Amino acid sequence: MQQGIRTVKNDLQSHTNIFVFIFVLFIMGMVFGAVIVNSMNFVQKQDLFFYLKQFFMQNIEMDGTPKTVLWKDSMLYHVKYLLLLFLLGISIIGMPIITVLLFIKGLVVGFSVGFLVNQMGWYGLLISSVSIAPQNLIIIPAYLIAGSLALIFSLTLCKQLFIRRVHQPLLKAFTRYSAWFGILLVVLLFSSIIEVFFSNTILEYVLRWLYN
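Residues numbered from 1 in each chain as written. Predicted model: local features only at pLDDT ≥ 70, side-chain atom pairs only at ≥ 80, totals over all residues. Heavy atoms only, no water.

1. Concerning the overall build of the protein chain
Test applied: In this text, helices come from DSSP runs of H or I with a minimum length of four residues, and strands from runs of E with a minimum of two, each type numbered from the N-terminal end. The criterion used for residue contact is that any of the two residues' heavy atoms lie within 4.5 Å. Here the accessible surface of atoms and residues is derived via Shrake-Rupley with a 1.4 Å probe, and residues count as covered only by protein chains that are part of the display.
On a plain count of helices and strands, the protein chain comes out with 8 helices and 0 strands. Across the protein chain, contacts joining residues at least 24 apart in sequence account for 85% of those joining residues at least 6 apart. With an accessible surface of roughly 12700 Å², the protein chain has 72% of that area assigned to carbon and sulfur atoms.

Following this line, the structure appears as structure tokens:
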């Protein structure tokens, strides 16, 4: 147990620059998403807000989609996204794609929050707080860690293939890599429960309060 903790600490210390890079990349994505909102013209914002409002009204009138369906969809999304990062990590050509995916993840979050606040002010901030923030407090760190691990493993493969002096036990590294992704998958499945059974429920109450 102690040896495992020491290994984790050593990995964190030796790859701090990659974790920082991934974090900064995600923040840049969020900023870029907010910039896109501000660069949209009035007509584009109104068109997009019209569809968003239609979604809100439909959510109220239909009393929402069954929670079990939403939960399955959310879990499937996380499984597919995490599997994609895992596979990109074991392929050398996956490194640039990993960075693009995490940048887009940040862009989507930044755009979503920015657009809601831009169009609805404090009400948009309230909707963002109940529908986006709770689960993303878990989802964002999990994906940042997954992206960092995938990038680290991909770099390890590069060193193994192209730098002959470097010889690392790949099987051991792959086992540890797979185990971490297994843990992250469990964490993300837990975030699905929060997203569906907590955030969506609170969002329904907030929308009814705003539009009824």
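Okay, back to it.
2. Some thoughts on the packing of aromatic side chains
Convention followed: By convention, a stacked pair of Phe, Tyr or Trp rings (six-membered ring in the case of Trp) has centres within 6.5 Å and planes under 30 degrees apart, an edge-to-face pair has planes over 60 apart, and any other such pair is tilted. For the exposure calls, accessible area comes from a 1.4 Å probe over protein chains only, and a residue counts as buried if that area is under 20% of its type's maximum, exposed if over 50%, partly exposed in between.
Counting across every chain of the model gives 14 aromatic pairs. Ring geometry for F32 versus F103: centroids 5.9 Å apart, planes at 45°, classification tilted. Taken together, the residues span a long stretch of sequence, with F32 in helix α2 (residues 16-39) and F103 in helix α5 (residues 95-120) at a distance of 71 residues. By relative accessible area, F32 is classed as partly exposed at 41%. Look at F103 and you get partly exposed, because its relative accessible area is 24%. Here the aromatic rings of Y123 and W209 are separated by 6.1 Å at their centres, their planes lie at 65°, and the arrangement is edge-to-face. With Y123 in helix α6 (residues 122-131) and W209 in helix α8 (residues 170-211), this pair connects stretches of sequence that are 86 residues apart. Residue classification places Y123 among the partly exposed residues on the basis of a relative accessible area of 46%. These aromatic residues form a ring-pair network of at least three members: F86, F153, F174, Y177 and F181.

3. Describing the confidence of the model for the protein chain
A low pLDDT score tells you not to read the predicted coordinates there in detail. How we decide: Each residue carries a pLDDT score, the predictor's confidence in it, ranging from 0 to 100.
Confidence along the protein chain averages 85 in pLDDT terms, with 86% of residues attaining 70 or more. Element-level mean pLDDT values for the protein chain span from 53 in helix α1 (residues 2-14) up to 93 in α2. Segment residues 1-5 is flagged for pLDDT under 50; beyond a separation of four residues in sequence, or across chains, it makes 0 contacts in the model.

4. Some words on a nonpolar patch on the surface
Our working rule: The patches reported here contain residues having more than 30% relative accessible area and no salt bridge. Joining distances are 9 Å for like charges and 5 Å for nonpolar side chains (Val, Leu, Ile, Met, Phe, Trp, Tyr). Take a side-chain nitrogen of Lys or Arg and a carboxyl oxygen of Asp or Glu: if they are within 4 Å of each other, that pair is a salt bridge.
Where nonpolar side chains cluster on the molecular surface, the patch consists of V20, F23, V24, I27, M28, V31 and V35 and spans about 590 Å² of accessible area. Turning to its location among the elements, V20 is positioned in helix α2.

5. Quick word on the environment of Y211
Here Y211 shows up in helix α8. The exposure class of Y211 is partly exposed, given its relative accessible area of 22%. Expressed as a C-alpha distance, the spacing of Y211 and K53, which sit 158 residues apart in the sequence, is 9.7 Å.

6. So, the nonpolar core
As a reminder, the rule being used: Nonpolar cores are built from buried Ala, Val, Leu, Ile, Met, Phe, Trp, Tyr and Cys residues. Side-chain atoms within 4.5 Å join them into one set.
L82, L85, I98, Y143, Y177 and F181 are the most contacted members of the largest nonpolar core, which totals 32 residues. Ranked by residues supplied to this core, first place goes to helix α7 (residues 133-162) with 13 residues. Y143 has contacts with Y77, H78, Y81, L82, L85, L102, K105 and L188, leaving out every residue within four places of it along the chain. One finds M40, F115, V130 and L207 within the second-largest nonpolar core, a separate group that totals 13 residues.

7. Here's the deal with the environment of L87
Here L87 shows up in helix α4 (residues 67-89). Counting along the chain gives 63 residues from L87 to A150, while the straight-line C-alpha distance between them is 8.2 Å.

8. Quick notes on the side chain of T99
Here T99 lies in helix α5. Residue class for T99 comes out buried when judged on its relative accessible area of 16%. For T99, the residues in contact, after removing those within four places along its chain, are F21 and L25.

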